[in-house]
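Descriptive structure summary
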Amino acid sequence: MTNPVFVAVDTPTLDGARALLSAVAPHVGGVKLGLEFFCAQGPAGVAAIAALGLPVFLDLKLHDIPNTVAGALHSLGPLAPAIVTVHAGGGHAMLAAARAAAPTATKVVAVTVLTSLDDDDLAAMGVAGTSGAQVARLAGVVRGAGLDGVVASPHETAALRAAWPEALLVIPGVRPEGSAVGDQKRVMTPQAALAAGASVLVIGRPITAASDPAAAAAAIARSLA
Ligand code: C5P
C-alpha cells in the first residue's frame, strides 16, 4: 500500500518547509501546502517543494466564477500538483470548469462544508438541515460535475464512501492515539479513518509540532502498515 499520509506544512517559510520535509519525507506519502505557504512563497515556492520529490497537494480552496477558476487552474498547470482543492459551493459549472482546466493527472477535489461551520452557521446562511445532509448534497453536485472526490471530516467518511465508492476522499482532523487534539473538534485515529474509507489522510501538528517529527511520522506509517 502506498503511504496515504500527506503532511500538512502550515508555515509561510520555504526554509521551514524544507527542513521539516527533509526529516519526514521517508515516512509520508505526500505534502499538503495551503494558502499560508502559497501566499508567502507563490508558485516558485511550490516548485521548490515539488523538487524534493513528494507528491504535492495544493490546498487553495478556489471559489469564483467558472472562467476565473479555470484560469487559476491553467496558471497552476506547470506545477502539476497531485491534488488541488476548490469549493463545492461554486456550483456545477465552476466545478466542471475546474476539472476541465486542471492537468489530467491532477486530482481535483472539493471542500463541501467547512468544518469551522456548525448547523447554526448554516441556518444563518439559509441552509436548512444538518451539516451532514449538506455535505451529502454537495458531494452529489461534486460527483455530477466529474470531480475526483471531496475533502471531508473523518465522521463523514463512511457515508461518503458508501455513496461514492470510487471517490478520492481527503480527510483532515486525523489524530494518532494520545496526541493533542488542538482546534480539531471531531477527530479520528489514522487507522479508523482509513477503515472508514479515507483515501488520503491530512496530518499536520501531530507530525509538525512533535519534538521529533520524523519519529512521529514513522510511528503513524507503522500504525498503518
Ligand atoms: O494540524 P492539523 O493536523 O490539524 O492540520 C490539518 C490540516 O488540514 C490543516 O492544514 C488544516 O487547515 C487542514 N484542514 C482541516 N479541516 C478541513 C480542511 C482542511 O483541518 N476541513
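Our structure's up above, just so we're on the same page.
Residues numbered from 1 in each chain as written. Predicted model: local features only at pLDDT ≥ 70, side-chain atom pairs only at ≥ 80, totals over all residues. Heavy atoms only, no water.

**Examining unusual backbone geometry**
Which entries qualify depends on this criterion: Helix numbers and strand numbers start at the N terminus; a helix is a DSSP run of H or I with at least 4 residues, a strand a run of E with at least 2. Residue burial is assigned from relative accessible area. The probe radius is 1.4 Å, only protein chains are included, and a residue is buried under 20% of its type maximum, exposed over 50%, and partly exposed in between.
Of note in the backbone geometry, lysine 61 takes a positive phi value of approximately 45° without being a glycine. You can see lysine 61 is positioned in strand β3 (residues 56-62). Overall, lysine 61 belongs to the partly exposed group, its relative accessible area being 31%. The phi dihedral of alanine 80 falls on the positive side, at around 45°, and the residue is not glycine. Following the sequence through the fold, alanine 80 ends up in the loop between α3 (66-76) and β4 (83-87).

**Points about the packing of aromatic side chains**
The line we're drawing: We call Phe, Tyr and Trp rings a pair once their centres come within 6.5 Å, taking the six-membered ring for Trp, and we label the pair stacked below 30 degrees between planes, edge-to-face above 60, and tilted otherwise. Whether a charge sits over a ring comes down to the Lys NZ or Arg CZ being within 6 Å of the ring centre and within 35 degrees of the ring normal.
Going through the model one piece at a time under the given rule, you end up with one aromatic pair. Geometrically, the ring pair formed by phenylalanine 6 and phenylalanine 57 is edge-to-face, given 6.4 Å between the ring centres and 70° between the ring planes. Of the two residues, phenylalanine 6 is situated in strand β1 (residues 5-9) and phenylalanine 57 in strand β3; the sequence distance between them amounts to 51 residues. Note on phenylalanine 57: relative accessible area 2%, which makes it buried. Above the face of the phenylalanine 57 ring, lysine 32 is positioned so that its terminal group lies 6.0 Å from the ring centre.

**Some thoughts on the pairing of β3**
Our working definition: Should DSSP find at least two bridges between two strands, the strands are regarded as paired. Crossovers are marked right-handed if the path from the first strand over the helix to the second runs clockwise, as seen with the strands pointing away from the viewer.
For β3, the tally of buried residues reaches six of seven residues, placing the bulk of the element in the interior. Of the pairings in the sheet, the one linking strand β2 (residues 30-34) to β3 comprises four bridges and is parallel in character. Across the sheet, the residue bridging to glycine 34 is aspartate 59, located in β3. In this view, the connection linking β2 to its parallel neighbour β3 by way of helix α2 (residues 35-50) has right-handed handedness.

**Here we look at the side chain of aspartate 59**
Convention followed: Under the rule applied, a polar contact is a pair of N or O atoms within 3.5 Å (in protein, one hydrogen donor and one hydrogen acceptor; residues adjacent in sequence only if both atoms are side-chain atoms). In what follows, a contact means two residues having at least one pair of non-hydrogen atoms within 4.5 Å.
With respect to the element layout, aspartate 59 can be found in strand β3. On the basis of relative accessible area, aspartate 59 is assigned to the buried category, the value being 7%. A polar contact of 2.7 Å, which involves the side chain of aspartate 59, links it to the side chain of lysine 32. Polar contacts involving the side chain of aspartate 59 include one to the side chain of threonine 85, which spans 2.7 Å. Apart from the residues lying within four places of it in its own chain, the contact partners of aspartate 59 are Lys32, Leu33, Gly34, Leu35 and Thr85.

**Describing the sheet that holds β1**
The condition that has to hold: Only the contacting stretch of a helix is used when fitting its axis, a line to C-alpha atoms as for every element, and angles between N-to-C directions run 0 to 180 degrees.
An order of β1-β2-β3-β4-β5-β6-β7-β8 is seen for the eight strands of this closed barrel, with the pairing classed as parallel. When the angles between neighbouring strand axes are averaged without regard to direction, this sheet yields 25°. Against the sheet, helix α4 (residues 91-101) makes contact with β3, β4 and β5 (107-111), and its axis sits at roughly 165° relative to β4, the strand it touches most.

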